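# Report on the structure
Below are the chains, spelled out letter by letter.
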Amino acid sequence: MRPDRQTAEERSASMADVLASTGATDGFIIASGVIGILFSLYQFRLVSRISLTDRISTAPGGGNQAPLVGGIDTTRLIEIYEAIREGADSFLFAEYTICCYFLVGFGILVLLLVSYTGGQFHIDEGGLTAVAFVAGGLTSMLSGLIGMRVAVFSNARTTVMAAGENAWTDAFNCAFRAGSVMGFALCGLAMLVLYLLAHLFALHYKNWDVPNSGDALKLFECLAGYGLGGSSIALFGRVGGGIYTKAADVGADLAGKVVEGIPEDDPRNPATIADNVGDNVGDVAGMGSDLFGSFAEATCAALVVASSSPSLIAGAGWPGLMFPVTISAAGILVCLVCSFVATSIRPVKKESDIETVLKTQLGLTTILLTAAVYVLAICFLPDKFLLERASRAASITFTPIKAWGCVCSGLWSGCLIGFITEYYTSHSYSPVREVAQACETGAATNIIYGLALGYRSTILPVSLLSIVVYVSFYLGDMYGVALAALGMLANLSTCLAIDVYGPICDNAGGIAEMAELPEHVRDVTDALDAAGNTTAAIGKGFAIGSACLVGLALFGAFITRAELTTDQISLLSPLIFACLIFGAMIPYWFSAMTMKSVGKAANEMVKEVARQFREIPGLLEGTPGHAPADHARCIAISTDASLREMIAPAILVMLTPLLFGILLGTDAVAGLLAGSIVSAIQMAISASNTGGAWDNAKKYVESGKCVINGEVQRKGGEVHKAAVVGDTVGDPLKDTSGPALNIVMKLMAILSLVFADFFKSINNGHGLLRIPH
């Protein structure tokens, strides 16, 4: 499929002739992607076999027909399920309508600005980049849609399985398999679309395999638009979905638990449906788009840096360039094999098995991928080749063993960061229990302890990331950093499956409560949800760590494309230092906007719930025969607020690097990116872990395990009320601002990379203002 222009001597640089061939590379990557998609369809088929209406029974007295499952009337359950589905669909349709307009408008801007380089228009470069941008955006939207649809489809089925005889195994398998649908579909789809674009673009840049022709670099610079499209949609998904879910969650908690003292997910609360809708549009669709963006951007960064090496092109050709993609391909296959351990080989049989099974997935995939990546490096890379340093200094010699070391540093650090995050956010360990104990003296001390925990929790993850950056940069410069990012994302299929598992179990528990099912059903869903909260924290650790490495890899790719030297980006330059400080402020500005948006929407939600309690007779008291709550109004409040409030943060993140590049030049953009990455990583870890700790401190009190002065603390007490306040404050931190900062790191960098040539064309990269350096 590729023109073969390498000599026999150049071919001998590869250690495995068969696997290093173009055909074998195409076959391995395409087959892995197709297998991933087919496996996701198989998992969906297993979930779809679960019926919500096993049989129809006639009620006593010859009345209406009632659907029964396991002897339980599921009429109300189905009504709630349909309401959640309709709410999620309506929000995603409204959000994606805006996203489509954005793709068209910004796609035209990409076409025009990228085409203008060197004082001339190169419409082919701009056109291909715009095509990649739209493809990335549409793939991101499709990934989010698949995840949300599957999550909504399976939540009620998880509730039904929790009511069965083999509740632990069946309910867990239902939720985990549903999560696997998104995990494998997203990874397979993302990789196949990217690989197809690379092949199509190679038809235009026909001399890509001729060293020093520049075609390979141009090819992958155009392909970087794929990452930009994915990350742009991810920003809307994370911010919009995050505002939606936390407006509903905070509003429901304040109006229900704090003011009126009714339980979480109580059917009397009008905001509960909106809260459950939010779990799907924020924690599933938004998170899926976020991690899709990480995959696309890390891969594009590695390809751009690799394509600047004539030695690699000559020594290994297409297989060598595609080594970063083979890491993701192997990840799909390894995660597929390991998934059977959770559902078939060592299934969940009791409550204590849940966390063990989920953690085993992460550990096992990490171990197997360590071996798999070694084989890939030996087979797809030449014995050695030269990499040009991002600083434009002397080249370095890179080998398959160094590549393996870079990937493994990211792979294992991701696993460690995940478990460190668990230590600081799970009530199985002392940090969260200390926060719960602090509730003895009220909400204020709870919040003080929680903030301190969040700040302290940054120490080990940031230290690990610092080590990974140093090791990978020392071994392979910016190519090594990009490989480390891909290593951290190598078991993305499993991470996504575990991440989606959490919101599904959360929804399952909410449905059980609202449908007023027997207590034993809620006991099972609560246990599944508690484990989901812990693993969700681990997933957030992965996402934040990978975002940092992806941002840094994109920063390196930008330096390469902008042809900046060490002297140009020295901290001794007043412009660089000033832009670095300004960049460090961006995450704070962004967080302020998203936090305030949640506050405004939650305030409106609280007033609406209070109005309904006041104006609908018998609703709050639960009087039989009272008029139903107006769930649609609460859904509309969250939808309108999220769509309205997500625009300003998106403008901030996307406009800032564009203005800096146009007005101040490429070196100013470098300073801006460095500052924003360094600042955002600290804030993201702190915000996510603080919110997670407050959430699980509340659950620790509710579980009856919190003992203060010899007295067991339970729901409804003063300690519990203080814990609820902390949980409510932490909601937008852990589910809106914190996760969205991942995209701030990545989106500013990928946008700068895509428009680097345009920035260079303005006064030779010095910007319109030509400020003295």
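Within each chain, residues carry numbers counting from 1 in the order of the written sequence. Selection of residues for local features in this predicted model requires a pLDDT of at least 70, selection of side-chain atom pairs for listing and counting requires 80 or more, and totals for whole chains, interfaces and linings are taken over all residues. Side-chain figures throughout are based on the complete set of non-hydrogen atoms in the structure, without hydrogens or water.

Moving on: the overall build of the chain. Secondary structure elements are taken from DSSP: a helix is a run of H or I of four residues or more, a strand is a run of E of two residues or more, and numbering for both begins at the N terminus. Counting its regular elements, the chain contains 22 helices and nine strands. Dimensions of the chain along its principal axes, counting C-alpha atoms only, are 85 × 55 × 50 Å. Type-normalised accessible area, obtained with a 1.4 Å probe on protein chains alone, sets the label of each residue: buried when under 20%, exposed when over 50%, and partly exposed for intermediate values. Burial status across the chain gives 64% buried among its 773 residues. None of His or the chain ends enter the tally, which takes Lys and Arg as positive and Asp and Glu as negative. A charge is said to be at NZ when it belongs to Lys, at CZ for Arg, at CG for Asp and at CD for Glu. If the 47 positive side-chain charges of the chain are averaged to one point and the 65 negative ones to another, these points end up 2 Å apart.

On to the confidence of the model for the chain, then. A residue's pLDDT is the predictor's confidence in that residue, given on a scale from 0 to 100. Taken as a whole, the chain shows an average pLDDT of 87; of its residues, 94% reach a score of 70 or greater. When mean pLDDT is taken per element in the chain, helix 13 (residues 443-456) scores highest with 95 and helix 1 (residues 8-11) scores lowest with 40. Note on residues 1-18: pLDDT under 50 across the span, and 38 contacts to partners over four residues away in sequence or across chains. The low-confidence segment residues 55-64 (pLDDT under 50) makes 15 contacts with residues lying over four places distant or belonging to another chain. Working rule for contacts: check all heavy atoms of both residues, and any pair within 4.5 Å makes them a contact.

Let us look at the packing of helix 3 (residues 75-115) against helix 6 (residues 215-260). For helices, the fitted line uses only the C-alpha atoms of the stretch in contact; every axis is such a line through C-alpha atoms, and the angle between N-to-C directions lies from 0 to 180 degrees. For the pair helix 3 and helix 6, the least separation of the axes is 11 Å and the interaxial angle reads 150°. Two packed elements cross with a definite hand, and for helix 3 against helix 6 that hand is right-handed. On the side of helix 3, the interface is formed by Phe91, Glu95, Cys99, Phe102, Leu103, Phe106 and Val110, while helix 6 contributes Leu228, Ser232, Ile233, Phe236, Gly237, Gly240, Gly241 and Tyr244. Polar here means any residue outside two lists: the nonpolar Ala, Val, Leu, Ile, Met, Phe, Trp, Tyr, Cys and Pro, and the charged Asp, Glu, Lys and Arg; Gly therefore counts as polar. Per-class residue counts for the contact of helix 3 with helix 6 are 10 nonpolar, four polar and one charged. Each crossing is labelled by how the near helix is turned from the far one, with a counterclockwise turn of less than a right angle marking it left-handed and a clockwise turn marking it right-handed.

How two helices pack is summed up by the angle between their axes together with the distance between the axes. Two numbers describe how helix 3 lies on helix 4 (residues 123-162): the axes approach to 9 Å, and their chain directions differ by 170°. Overall, the two elements helix 3 and helix 4 adopt an arrangement that is roughly antiparallel. Split by residue class, the contact of helix 3 with helix 4 holds 26 nonpolar, 10 polar and five charged. Every angle not falling under 35 degrees, over 145, or within 65 to 115 is termed oblique; those three ranges are roughly parallel, roughly antiparallel and roughly perpendicular.

This paragraph deals with the side chain of Ser546. Assignment of secondary structure puts Ser546 in helix 16 (residues 519-562). On the basis of relative accessibility, which here comes to 0%, the residue Ser546 falls in the buried class. Among residues more than four places away in sequence, those in contact with Ser546 are Ser294, Met488 and Leu489.

Once that is clear, we can look at the pattern of salt bridges. For salt bridges, the criterion is a side-chain nitrogen of Lys or Arg within 4 Å of an Asp or Glu carboxyl oxygen. Counted by the stated rule, this structure contains 34 salt bridges. A salt bridge links Arg561 to Glu221; the nearest nitrogen and oxygen atoms lie 3.4 Å apart. With Arg561 in helix 16 and Glu221 in helix 6, this pair connects stretches of sequence that are 340 residues apart. Neither residue differs from the other here; Arg561 and Glu221 are each classed as buried.

Moving on: the environment of Val712. Looking at where Val712 falls in the secondary structure, it is placed in strand 9 (residues 711-712). For Val712, a relative accessible area of 36% gives the class partly exposed. Excluding its chain neighbours within four sequence positions, the residues that come into contact with Val712 are Gly704, Cys706 and Val707.

Let us look at helix 4. A helix is expected to span 1.5 Å for every residue after the first. Its 40 residues place the ends of helix 4 58 Å apart at the C-alpha level, agreeing with the 58 Å of an ideal helix rising 1.5 Å per residue. Throughout, bend refers to the angle between the axes fitted to the seven residues that end at a position and the seven residues that start at it. Bending of helix 4 peaks at approximately 30° at the position of Asn155. Across the 40 residues of helix 4, 30 count as buried, placing the element largely inside the fold.

As a further point, take the packing of aromatic side chains. Pairing of aromatic rings covers Phe, Tyr and Trp, the last through its six-membered ring, and needs centres within 6.5 Å; plane angles under 30 degrees mean stacked, over 60 mean edge-to-face, and all others mean tilted. Tallied over the full model, the rule gives 26 aromatic pairs. Members of the aromatic cluster, connected to one another through ring pairs, are Phe102, Phe106, Phe133, Phe236 and Phe755. Lying over the aromatic face of Phe153, Arg157 brings its terminal NZ or CZ to 3.7 Å of the ring centre. Here, a charge over a ring is recorded when the distance from Lys NZ or Arg CZ to the ring centre is within 6 Å and its angle to the ring normal is within 35 degrees.

Following the sequence through the fold, Ser472 ends up in helix 14 (residues 459-488). Within the structure, the side chain of Ser472 is placed 2.6 Å from the backbone oxygen of Val468, a separation counted as a polar contact. Here Val469 takes part through its backbone oxygen, which lies 3.3 Å from a polar atom of the side chain of Ser472. Setting aside anything within four residues of it in sequence, one finds Ser472 in contact with Cys406, Ser409, Asp477, Gly480, Val481 and Ala484. In protein, a polar contact means a hydrogen-donor-capable atom and an acceptor-capable atom, both N or O and within 3.5 Å, with residues adjacent in sequence counting only if both atoms are side-chain atoms; elsewhere, any N or O pair within 3.5 Å suffices.

The phi torsion at Asp477 lies on the positive side, around 55°, for a residue other than glycine. Tracing the backbone shows Asp477 in helix 14. The phi angle at Asn764 is positive, at roughly 60°, despite the residue not being glycine. Along the chain, the position of Asn764 falls in the segment after helix 22 (756-761). Under the relative-accessibility criterion, Asn764 is labelled exposed at 65%.

Let us look at the state of the cysteines. Cysteine sulfurs are considered disulfide-paired once they come within 2.5 Å of each other. Counted by the stated rule, this structure contains zero disulfides. Lacking any disulfide linkage, Cys99 is separated from the closest cysteine sulfur, that of Cys100, by 7.1 Å. Overall, the relative accessible area of 1% leaves Cys99 in the buried class. Left unpaired, Cys439 is separated from the closest cysteine sulfur, that of Cys706, by 7.4 Å. With relative accessibility at 1%, the residue Cys439 sits in the buried group.

Once that is clear, we can look at a nonpolar patch on the surface. Exposure above 30% relative accessible area and the lack of any salt bridge qualify a residue for a patch; like charges then connect within 9 Å, and the nonpolar side chains Val, Leu, Ile, Met, Phe, Trp and Tyr within 5 Å. Method for areas: the Shrake-Rupley scheme with a 1.4 Å probe, in which residue coverage is limited to the protein chains shown. Taken together, the side chains of Ile647, Ile651, Leu655, Leu659, Leu663, Leu768, Leu769 and Ile771 make up a nonpolar region of the molecular surface, amounting to roughly 660 Å² of accessible area. What makes Leu663 partly exposed here is its relative accessible area of 32%.

In this section: the environment of Asn155. Among the secondary structure elements, Asn155 is positioned in helix 4. The class for Asn155 is buried, based on a relative accessible area of 0%. Through-space distance from the C-alpha of Asn155 to that of Tyr81 is 7.9 Å; in sequence the pair is 74 residues apart. When residues no more than four places from it in sequence are discounted, the contact partners of Asn155 are Tyr81, Ile84, Asn280, Ile504, Asn507, Ala508 and Ile511.

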